[in-house]
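Observations on the model geometry
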Amino acid sequence: DVVMTQSPLSLPVTLGQPASISCRSSQSLVYIDGNTYLNWFQQRPGQSPRRLIYKVSNRDSGVPDRFSGSGSGTDFTLKISRVEAEDVGVYYCMQSTHWPPYTFGQGTKLEIK
Amino acid sequence: EVQLVESGGGLVKPGGSLRLSCAASGFTFSSYSMNWVRQAPGKGLEWVSSINSGSSYIYYADSVKGRFTISRDNAKNSLYLQMDSLRAEDTAVYYCARDGWDLDPFDYWGQGTLVTVSS
């Protein structure tokens, strides 16, 4: 199975400042079709997860443009250009290239400093 | 508006059974693959099982294989998870989640239903 490793696991950020979360996979996530199936999810306190990004950099409908995804191969990043209070929660990366199983990272808890 | 509403969770003894349901609305259920994902208390997300639109492809996590059965009824717009031989480590919130069209998984999630396995 592909192991997904996120860092940091805890991320205190000042309101209005940028934030960055790293996600690394144990093997390349490039599929035979040339696409890379790396996804990002946000889980606010007490809520269900919500997908933010799919295929590395495609934002889901309704996701603010302060969220962006990048990366290739085995190294990926979720960036928030200016953190807002509503961004507090846990962020997960997940690979869907080598499935089953789908595998998630451990989660990164973003909090306001 | 896409809606996924899980039900059927509760308290069950080790070795017992439970059947979860997920009622879907706001989209053509019969055209989409569906999944179950769980989250143990205070822990991360774990994929449990997937089923394609016609029920011809079904997959399970190793942790539940042989004990859980995923199914769907397209006429009733419903997804199910039959859970047998339950263990304490199956205690979690269970979410149903839809796959998107473009090989993009888990684009919509339900609110989850809590399963507690305890004597």
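Refer to the structure printed above.
Residues numbered from 1 in each chain as written. Chains lettered and ligands numbered in written order. Predicted model: local features only at pLDDT ≥ 70, side-chain atom pairs only at ≥ 80, totals over all residues. Heavy atoms only, no water.

**Overview of the pairing of strand β2 (residues 10-13) of chain A**
All names here are of chain A. Using the following cut-off: Burial status follows relative accessibility: with a 1.4 Å probe on protein chains alone, a residue under 20% of its type maximum counts as buried, one over 50% as exposed, and anything between as partly exposed. Put simply, DSSP H or I for four residues or longer makes a helix, DSSP E for two residues or longer makes a strand, and each gets a number counted from the N terminus. Only when DSSP finds a minimum of two bridges between them are two strands counted as paired.
Burial along β2 is one-sided: Leu11 and Val13 are buried, and none of Ser10 and Pro12, which face the opposite way, are. Where β2 lies against strand β11 (residues 108-112), four bridges are found, and the strand directions are parallel. Among the inter-strand pairings, Val13 is bridged to a residue of β11, identified as Ile112.

**A closer look at unusual backbone geometry**
A cis amide bond, omega 0 degrees, links Trp99 of chain A with the succeeding residue Pro100 of chain A. Summarising the element assignment, Pro100 of chain A is placed in the loop between β9 (89-95) and β10 (103-104). Cis geometry marks the peptide bond from Pro100 of chain A to Pro101 of chain A, where omega comes out at 0 degrees. Not every positive phi belongs to a glycine, and Ser55 of chain B is a case in point at roughly 65 degrees. Taking the relative accessible area as the measure of exposure, Ser55 of chain B reaches 32% and is therefore partly exposed. Despite not being glycine, Asn77 of chain B shows a phi value in the positive range, around 50 degrees.

**A short note on the side chain of Arg72 of chain B**
All names here are of chain B. For the record, the criterion: Two residue types count as positive, namely Lys and Arg, and two as negative, namely Asp and Glu; His and chain ends fall outside the count. The working definition used for a salt bridge is a side-chain nitrogen of Lys or Arg within 4 Å of a carboxyl oxygen of Asp or Glu. Nitrogen and oxygen atoms within 3.5 Å of one another constitute a polar contact, given that in protein one can donate a hydrogen and the other can accept it, and given that sequence-neighbouring residues count only through two side-chain atoms. Here, residues are in contact when the closest pair of their heavy atoms is within 4.5 Å.
Considering the arrangement of structural elements, one finds Arg72 in strand β7 (residues 68-73). For the buried residue Arg72, which engages in no salt bridge, the nearest side chain bearing the opposite charge is Asp73, 8.3 Å off. In this structure the side chain of Arg72 is engaged in a polar contact, spanning 2.8 Å, whose partner is the backbone oxygen of Tyr32. Among the polar contacts made by the side chain of Arg72, one reaches the main-chain carbonyl oxygen of Asn52 at a distance of 3.0 Å. Not counting the four nearest positions on each side in its chain, Arg72 is found in contact with Phe29, Ser30, Tyr32, Ser33, Met34, Ile51, Asn52, Ser53, Ser55, Ser78, Leu79 and Tyr80.

**Details of the state of the cysteines**
All names here are of chain A. Put simply, the rule reads: Disulfide assignment relies on a single distance test, namely cysteine sulfur atoms paired within 2.5 Å.
The tally for this structure, following the rule as stated, stands at two disulfides over all chains. Paired by a disulfide, Cys23 and Cys93 hold their sulfur atoms 2.1 Å apart. Disulfide Cys23-Cys93: the torsion about the S-S bond is 75 degrees, which places it as right-handed. Of this pair, Cys23 sits in strand β3 (residues 19-25) while Cys93 sits in strand β9, placing them 70 residues apart in sequence. Relative accessible area serves as the criterion here: at 0%, Cys23 is assigned to the buried category.

**Comments concerning the side chain of Ser96 of chain A**
With respect to the helices and strands, the residue Ser96 of chain A is situated in the loop between β9 and β10. Of the polar contacts made by the side chain of Ser96 of chain A, one reaches the side chain of Asn39 of chain A; its length is 3.0 Å.

**What to know about the sheet that holds β7 of chain B**
All names here are of chain B. We count it as follows: Helix axes are fitted to C-alpha atoms over the stretch in contact, other axes to C-alpha atoms as well, and angles between N-to-C directions run from 0 to 180 degrees.
Here we have four strands laid out as an open sheet, ordered β1-β3-β8-β7, and antiparallel in their pairing. The open sheet has two edge strands with one neighbour each: β1 (3-7) and β7. Averaged over all pairs of adjacent strands, the angle between strand axes in this sheet comes to 15 degrees, irrespective of strand direction. Bridge count between β1 and strand β3 (residues 18-25): five bridges; the pairing is antiparallel. Within β3, the position partnered with Val5 by the bridge is Ala23.

Purely geometric numbers; function is a separate question.
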